[in-house]
Amino acid sequence: MSTSQTAAQSATIAYNIDPTHSSAHFKVRHLMIAWVRGEFTKVGGAITLHETDHTASSVTAEIDVSTINTREPDRDKHLLSPDFLDATNHPTIRFQSTKIVKEGNDEYHVAGDLTIRGVTRPVVLEVDSVTPEIKDPWGFFRRGLAATTKISRKEFGVAFNQVLETGGVMIGDEVDISIDVELVRKA
């Protein structure tokens with residue numbers, strides 16, 4: 001291993017995504033007039049964060065599809081069915097970063113591969129904050145970040161819809177996604 005490789009590795013810190021303090025939210029148009037919002041309550045994974053150059057970091061995240069919550073049990077059941085997420089055959093949504101670009105003082109574009117329902121497509125997460133590290137009362141080090149993106153659900157094979165008799169469709173194609181993540185590492 002070269003000296004530069006050793007220095008690069010020593011400048012990175014491995015964090016786990018804390019699933020009890022992290023979530024992924026989404027919203028999509030219903031009947032072309034209102035937003036329906038939901039969340040996945042179990043987000044996990046790991047981030048290797050470069051201390052001085054966040055663009056040299058990497059992200060691997062997983063979402064447990066079965067934790068979907070739109071505050072309507074019948075809708076949640078339908079979203080888990082083969083019409084939408086097909087949770088039986090595809091229980092996990094995955095993201096793997098491929099490139100990170102600094103966009104502002106504390107803003108980054110994290111490009112990567114998002115896999116939903118067995119279909120992988122490139123997406124870009126817009127990270128608008130990476131908090132400084134703090135030490136919690138239990139002896140762990142923590143930091144947080146927030147990110148957003150938009151996807152076409154049809155590009156991921158989530159194409160179920162119904163045409164309305166007045167024109168238009170029941171469910172919009174564009175899905176807004178926001179992710180709030182708390183990272184944790186041992187002291």
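Anything mentioned here points back to the structure above.
Everything numeric here is computed off the predicted structure, so don't read it as measured data. (Residues numbered from 1 in each chain as written. Predicted model: local features only at pLDDT ≥ 70, side-chain atom pairs only at ≥ 80, totals over all residues. Heavy atoms only, no water.)

Q: I keep staring at the overall build of the chain and nothing clicks. Help me out?
A: Tallying secondary structure elements over the chain gives two helices and 12 strands in all. Along its sequence from the N terminus, the chain presents helices and strands in the succession α-β-β-β-β-β-β-α-β-β-β-β-β-β. Projected onto its principal axes, the C-alpha coordinates of the chain cover approximately 65 × 30 × 30 Å. In the chain, which comprises 187 residues, the share counted as buried stands at 40%. Considering only residue pairs separated by 6 or more positions, the chain has 56% of its internal contacts joining residues 24 or more positions apart. Carbon and sulfur atoms make up 54% of the accessible area of the chain, which amounts to about 10700 Å² in all. Each charge class in the chain was averaged separately, 20 positive and 26 negative side chains, and the resulting centres sit 1 Å apart. (Helix = DSSP H or I, 4+ residues; strand = E, 2+ residues; numbered from the N terminus. Buried < 20%, exposed > 50% of the residue type's maximum accessible area, 1.4 Å probe, protein only. Contact = heavy atoms within 4.5 Å. Areas by Shrake-Rupley, 256 points an atom, 1.4 Å probe, with all protein chains shown as cover. Lys, Arg positive; Asp, Glu negative; His and termini not counted. Charge placed at Lys NZ, Arg CZ, Asp CG, Glu CD.)

Q: Just to check I follow, could you spell out the nonpolar core for this structure?
A: Most often, soluble globular proteins keep nonpolar side chains buried together rather than apart. Core analysis: the largest hydrophobic core is formed by 41 residues, its most contacted members being Phe 40, Phe 95, Leu 114, Ile 116 and Ile 151. Take this core: its biggest share by element is six residues, from strand 12 (residues 171-186). Aside from chain neighbours lying at most four places away, what touches Leu 114 is Ile 93, Arg 94, Phe 95, Val 119, Thr 120, Arg 121, Val 123, Ile 151 and Phe 156. (Core = buried A, V, L, I, M, F, W, Y, C linked by side-chain atoms within 4.5 Å.)

Q: Please explain a nonpolar patch on the surface as it appears in this structure.
A: On the surface, Leu 31, Met 32 and Ile 33 cluster together into a nonpolar patch covering about 310 Å² of accessible area. Position of Ile 33 relative to the elements: it lies in the loop between strand 2 (23-30) and strand 3 (34-40). Among the residues examined, Ile 33 registers a relative accessible area of 67% and is labelled exposed. (Patch = residues over 30% accessible without salt bridge, like charges linked within 9 Å, V, L, I, M, F, W, Y side chains within 5 Å. Salt bridge = Lys/Arg side-chain N within 4 Å of Asp/Glu carboxyl O.)

Q: How should the side chain of Asp 176 be read in this particular structure?
A: Looking at where Asp 176 falls in the secondary structure, it is placed in strand 12. Judged by relative accessible area, Asp 176 falls into the buried class, the value being 14%. The contacts of Asp 176, once residues within four sequence positions are left out, are His 25, Phe 26, Lys 27, Trp 35, Thr 149 and Lys 150.

Q: Would you take a moment to explain the pattern of salt bridges for this structure?
A: Oppositely charged side chains are able to pair whenever their charged atoms sit close together. As enumerated under the stated definition, the model contains seven salt bridges in all. A salt bridge links Glu 182 to Arg 142, with the shortest nitrogen-to-oxygen separation between them at 2.7 Å. Of this pair, Glu 182 sits in strand 12 while Arg 142 sits in strand 11 (residues 140-152), and the two are 40 residues apart along the sequence. Taking the relative accessible area as the measure of exposure, Arg 142 reaches 14% and is therefore buried. Shared partners join several salt bridges into a network, and the residues in it are Asp 18, Asp 136, Arg 142 and Glu 182.

Q: Explain the environment of Ala 87 to me, please; I cannot follow it from the model alone.
A: Relative to the assigned elements, Ala 87 resides in the loop between helix 2 (73-80) and strand 7 (92-102). For Ala 87 and Thr 98, which are 11 residues apart along the polypeptide, the C-alpha to C-alpha distance reads 26 Å.

Q: When you look at the layout of surface pockets in this model, what are you seeing that I'm missing?
A: Regions of empty space are outlined by a rolling probe, equal in size to a water molecule, passed over the atoms. Of the volumes computed, that of the largest pocket is approximately 960 Å³. Along the wall of the largest pocket there are 50 residues; nearest its centre are His 25, Phe 26, Phe 40, Val 175 and Ile 177. Take the lining of the largest pocket: its biggest share by element is six residues, from strand 2. Classifying every residue of the lining of the largest pocket gives 39 nonpolar, seven polar and four charged. (1 Å grid on protein atoms, 1.4 Å probe; cavity = no way out; pocket = protein on both sides within 12 Å on 5 of 7 lines; lining within 4 Å. Points joined across faces, edges and corners; volume = space filled by probe spheres on them. Nonpolar A, V, L, I, M, F, W, Y, C, P; charged D, E, K, R; others polar.)

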